[in-house]
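Residues per chain are reported as follows:
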Amino acid sequence: SVEPVFIQKSFYLDFSVALEQFVEKAGRNFTSGGIIIHGKKYLFSGISFESFYSVQSRRKTQAWLIEGTTSHDLSSVLRINPSNNLNGWVSFSYDPKNSQWRQSFADLSIAIIKNWKFHSLLNYDFILRKINNVDLYLIREAGRFELRFIWRSLSRQFVVELVPR
């Protein structure tokens, strides 16, 4: 990863590159590599737009044969954070290699009253054309801990958690 390159005061790009070699005794060798380009634009106070483009490649070599896959992903996120009492984001993921929308997420957090907040997370799958999951949280911040009352639609479970902050 490198330092961000500011195109404008409110717009920057940064780049990450990764390469790894996996060698196993059984003779299976894998090489993986990729690049991620990330851009962020601050639109207004508390509102920003981000995009990520990644190309990942994985190759397997066995004697003279080389086989593998390459994947592409284009994701965009709109973040809204006008105050400490309200924040959220919406993201979309697109596969340019296959010209296919993949999935979308939406996240919202609202402060209700002192030390209580409502939080939700939604996942939509474009391939299955359905909402995969909705998580609803009621959170009480209590000193060094958070008490969370959670409904998870995927597992159809109600969960109570006590987690450190």
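The numbers attached to residues start from 1 for each chain and follow its sequence in the written order. Predicted model: local features are reported for residues with pLDDT of at least 70 only, side-chain atom pairs are reported and counted for 80 or more only, and whole-chain, interface and lining totals are derived from all residues. Side-chain metrics in this entry use all non-hydrogen atoms of the structure; hydrogen atoms and water are not considered.

**Considering the overall build of the chain**
A tally of helices and strands in the chain yields 0 helices and 11 strands. To qualify as a helix, a DSSP run of H or I must reach at least 4 residues; to qualify as a strand, a run of E must reach at least 2; elements of each kind are numbered from the N terminus. For the chain, the α and β elements follow one another from N to C terminus as β-β-β-β-β-β-β-β-β-β-β. Radius of gyration here uses only the C-alpha atoms, and the compact-globule reference equals 2.2 Å multiplied by the residue count raised to the power 0.38. A globule of 165 residues ought to have a C-alpha radius of gyration of about 15 Å, yet the chain, at 21 Å, is considerably larger. Overall, the chain is about 65 × 45 × 35 Å in size when its C-alpha atoms are taken along their principal axes. Across the 165 residues in the chain, those meeting the buried criterion constitute 20%. Here, residues are in contact when the closest pair of their heavy atoms is within 4.5 Å. Relative to all contacts within the chain whose residues are 6 or more apart in sequence, the contacts with residues 24 or more apart total 22%. The Shrake-Rupley method, run with a 1.4 Å probe, gives the accessible areas here. Residue values count only the displayed protein chains as cover. Surface accessibility of the chain: about 11,600 Å² in total, with carbon and sulfur atoms responsible for 60%. For every residue, the accessible area obtained with a 1.4 Å probe (protein chains only) is divided by the maximum for its type, and the residue is called buried under 20%, exposed over 50%, and partly exposed between those limits.

**Description of the packing of aromatic side chains**
Here a Phe, Tyr or Trp ring, Trp counted by its six-membered ring, pairs with any other such ring whose centre lies within 6.5 Å, and the pair is stacked when the planes are under 30 degrees apart, edge-to-face when over 60, and tilted otherwise. In this structure the tally under the stated criterion is 6 aromatic pairs. Feature note: the residues Phe92, Tyr94, Trp101, Tyr124 and Phe126 constitute an aromatic cluster, connected by ring pairs.

**Points about the environment of Ser104**
Positionally, Ser104 belongs in strand β7 (residues 100–113). It is 6.6 Å that separates the C-alpha atoms of Ser104 and Asp125, two residues lying 21 residues apart in sequence.

**Points about the pairing of strand β6 (residues 86–95)**
In this analysis, strands are considered paired if DSSP registers two or more bridges between them. Looking at chain direction, strand β5 (residues 65–83) and β6 are connected through 8 bridges and run antiparallel. Opposite Ser75, over in β6, you have Ser93 as the bridge partner. Two successive antiparallel strands, β5 and β6, enclose a turn made up of 2 residues. Linkage of β6 to β7, two consecutive antiparallel strands, is achieved through a turn of 4 residues, within which Ser99 is found at a positive phi near 50 degrees.

**Topic: the pairing of strand β3 (residues 29–44)**
Where strand β2 (residues 11–23) meets β3, 13 bridges bridge the pair, whose relative direction is antiparallel. Bridge pairing in β3 places Leu19 opposite Gly33. In terms of strand pairing, β3 meets strand β4 (residues 47–62) through 15 bridges, oriented antiparallel. Residue Asn29 lies in a different strand from β4, and its bridge partner there is Thr61. Taking the residues between adjacent antiparallel strands as the criterion, β3 and β4 are bridged by 2 residues, where Gly46 takes a positive phi near 85 degrees.

**Considerations on the side chain of Ser32**
Note on placement: Ser32 falls in strand β3. Beyond its immediate stretch of four places on either side in the chain, Ser32 contacts Ala18, Leu19, Glu20, Ser57 and Arg58.

**Looking at the pattern of salt bridges**
Each reported salt bridge corresponds to a side-chain nitrogen of Lys or Arg within 4 Å of a carboxyl oxygen of Asp or Glu. Going through the model one piece at a time under the given rule, you end up with 8 salt bridges. The partner of Glu50 in a salt bridge is Lys40, and the shortest N-O contact between them spans 3.9 Å. Residue Glu50 is located in strand β4, and its partner Lys40 is located in strand β3; the two are separated by 10 residues in the primary sequence. Judged by its relative accessible area of 14%, Lys40 falls in the buried class. Residues participating in the shared-partner salt-bridge network are Lys40, Glu50 and Arg79.

**Considerations on unusual backbone geometry**
Within the chain, Ser99 stands out as a residue other than glycine whose phi angle is a positive 50 degrees. Residue position: Ser99 is located in the loop between β6 and β7. On the basis of relative accessible area, Ser99 is assigned to the exposed category, the value being 54%. Positive phi, normally seen in glycine, also occurs at Arg129, with a value near 55 degrees. The residue Arg129 is located in the loop between β8 (116–125) and β9 (130–142) in this model.

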